[in-house]
Amino acid sequence: MRVLIIADVHGNLPALEAVLADAGPVDEVWSLGDLVGYGPHPNEVVQLLRSLPFRSLAGNHDWGATGQADLAVFNADARAACQWTDEVLTHETREYLLGLEVSSVFGSVHVAHGSPREPLWEYLTNVRLAEINFGYFGTQVCLVGHTHVPIMFRWRQGVHGAGAFLTAVPNAGDAIDPEDDRLIFNPGSVGQPRDGDPRAAYARYEPATGRFTFHRVAYDIAATQAAMGAAGLPERLAFRLQYGS
């Protein structure tokens with residue numbers, strides 16, 4: 001079995017299409033939330049993914065665009081994008097987003113948008129927060145999104161009960177094997193990377209071996225920017241795509 005892991009597509013159809021083409025044949029697609037928000041193609045993204053063997057969580061922007069989150073907690077650009085998305089969502093897309101859970105277990109993997117402790121809102125950005133969150137899931141591996149930055153936190157058990165927390169930033173093509181360790185892995189963002197690399201980020205997972213591989217793929221950023229401009233979405237959101245920021 002082969003699984004495509006995506007997060008934070010944010011209504012960016014060209015980025016999603018590039019990822020699907022680059023990943024090749026897979027048996028399932030798992031999304032870690034934020035299918036919509038920021039980008040100009042919310043309905044098209046959801047429709048395309050739902051045509052595949054697909055499982056998804058809700059992210060905070062999915063909630064913001066469907067009236068489930070107070071938009072006052074978003075910054076001005078994100079708030080404007082959520083409001084625009086709310087106005088253009090089809091009934092079918094809205095009902096799908098409203099039905100998504102905020103955390104789950106897909107296969108044998110715990111999945112959450114933000115963190116196991118706070119699935120919608122917490123950003124796992126450092127070892128201190130990761131150490132706390134290892135106590136909030138019971139599986140060997142947890143997948144998260146939300147930060148738009150690929151990173152892996154690894155808990156390596158010592159022979160006498162003590163252990164060590166290790167952090168790594170994956171490079172394109174890296175293979176990640178849990179071995180006997182516990183992992184929290186963030187595959188980065190498809191639709192709005194924020195690690196200085198504008199290419200869409202994703203991962204592939206082989207449940208039989210437990211191996212994850214991290215990938216990047218270029219996409220037509222100009223096409224997304226043009227669509228954002230035509231929709232009247234905030235200019236800064238379009239501008240930052242070309243810098244991965």
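Residues numbered from 1 in each chain as written. Predicted model: local features only at pLDDT ≥ 70, side-chain atom pairs only at ≥ 80, totals over all residues. Heavy atoms only, no water.

## Notes on the overall build of the protein chain
Counting secondary structure elements, the protein chain contains eight helices and twelve strands. Expected size for 245 residues packed as a compact globule is a radius of gyration near 18 Å; at 17 Å, the protein chain falls within 12% of this value. Dimensions of the protein chain along its principal axes, counting C-alpha atoms only, are 60 × 35 × 30 Å. Partitioning the contacts of the protein chain with sequence separation of at least 6, the portion at a separation of at least 24 is 70%. Within the structure as shown, the protein chain displays about 10,100 Å² of accessible surface, and the carbon and sulfur contribution to it stands at 51%. (Helix = DSSP H or I, 4+ residues; strand = E, 2+ residues; numbered from the N terminus. Rg over C-alpha atoms; globule rule 2.2 N^0.38 Å. Contact = heavy atoms within 4.5 Å. Areas by Shrake-Rupley, 256 points an atom, 1.4 Å probe, with all protein chains shown as cover.)

## Structural notes on unusual backbone geometry
Although it is not a glycine, H10 sits at a positive phi angle of roughly 55°. As for its placement among the helices and strands, H10 is situated in the loop between β1 (3-6) and α1 (13-23). The backbone phi angle of E179 is positive, close to 55°, even though this residue is not glycine. Mapped onto the fold, E179 is located in the loop between β9 (175-176) and β10 (182-186).

## Considerations on empty space enclosed by the protein
Within the structure shown, the criterion is met by one cavity of 30 Å³ or more. In this structure, the largest cavity encloses a volume near 40 Å³. Lining the largest cavity, in full, are H10, N12, Y38, G39, G191, Q192, T224, M228 and L241. Among the residues forming the lining of the largest cavity, the class breakdown is three nonpolar, six polar and no charged. (1 Å grid on protein atoms, 1.4 Å probe; cavity = no way out; pocket = protein on both sides within 12 Å on 5 of 7 lines; lining within 4 Å. Points joined across faces, edges and corners; volume = space filled by probe spheres on them. Nonpolar A, V, L, I, M, F, W, Y, C, P; charged D, E, K, R; others polar.)

## Looking at helix α4 (residues 76-88)
Taking 1.5 Å of rise per residue, the 13 residues of α4 would be expected to cover 18 Å, and the 19 Å separating its terminal C-alpha atoms lies within 8% of that figure. Those residues of α4 not exposed but buried are D77, A78, A81, C82, W84 and T85. Take α4 and look down its axis: the buried residues cluster within an arc of 165°, on one side only. Exposed residues lying more than 90 degrees from the buried face of α4 are A76 and E87. Among the structural elements, α2 (42-50), α3 (60-64), α7 (221-231) and α8 (235-241) are those in contact with the buried residues of α4. The residue sitting at the N-terminus of α4 and contributing the capping side-chain oxygen is N75; that oxygen lies 3.1 Å from the backbone nitrogen of D77. (Expected span 1.5 Å × (residues − 1). Buried < 20%, exposed > 50% of the residue type's maximum accessible area, 1.4 Å probe, protein only. Arc of directions from axis to C-beta. Polar contact = N/O pair within 3.5 Å; in protein donor to acceptor, adjacent residues only side chain to side chain.)

## Examining the packing of aromatic side chains
Evaluated as defined, the whole model comprises ten aromatic pairs. Aromatic pair F74 and W121: ring centres 5.8 Å apart, planes at 65°, arrangement edge-to-face. Here W121 lies in the loop between β5 (109-112) and α6 (127-133) and F74 lies in the loop between α3 and α4, a separation of 47 residues in the sequence. W121 gets classed as partly exposed once you look at its relative accessible area, which sits at 33%. Residues W155 and F165 carry aromatic rings whose centres are separated by 4.5 Å and whose planes lie at 40° to one another, so their mutual orientation is tilted. With a gap of ten residues between them, W155 in strand β7 (residues 151-157) and F165 in strand β8 (residues 163-168) connect regions that are remote in the sequence. Since its relative accessible area comes to 25%, F165 is described here as partly exposed. An aromatic cluster of three or more residues is present, and its members are W30, F106, F185, Y205 and F212. Directly above the aromatic system of F137 lies the positively charged group of R182, at a separation of 4.4 Å from the ring centroid. (Phe/Tyr/Trp six-rings, centres within 6.5 Å; stacked < 30°, edge-to-face > 60°. Lys NZ or Arg CZ within 6 Å of the ring centre and 35° of its normal.)

## Quick word on the packing of α2 against helix α5 (residues 91-98)
When two helices pack together, their arrangement is given by the angle between their axes and by how far apart the axes lie. One way to put it is that α2 packs onto α5 with a least axis distance of 10 Å and a crossing angle of 70°. Between α2 and α5, the angle falls in the class roughly perpendicular. For α2 against α5, the interelement crossing comes out left-handed. Judged by residue contacts, P42, N43, V46 and R50 of α2 engage E92, T93, Y96 and L97 from α5. Classifying every residue of the contact of α2 with α5 by side-chain character gives four nonpolar, two polar and two charged. (Axes fitted to C-alpha atoms, helices over the stretch in contact; angles between N-to-C directions. Parallel < 35°, antiparallel > 145°, perpendicular 65-115°, else oblique. Left-handed = near helix turned anticlockwise from the far one by under 90°.)

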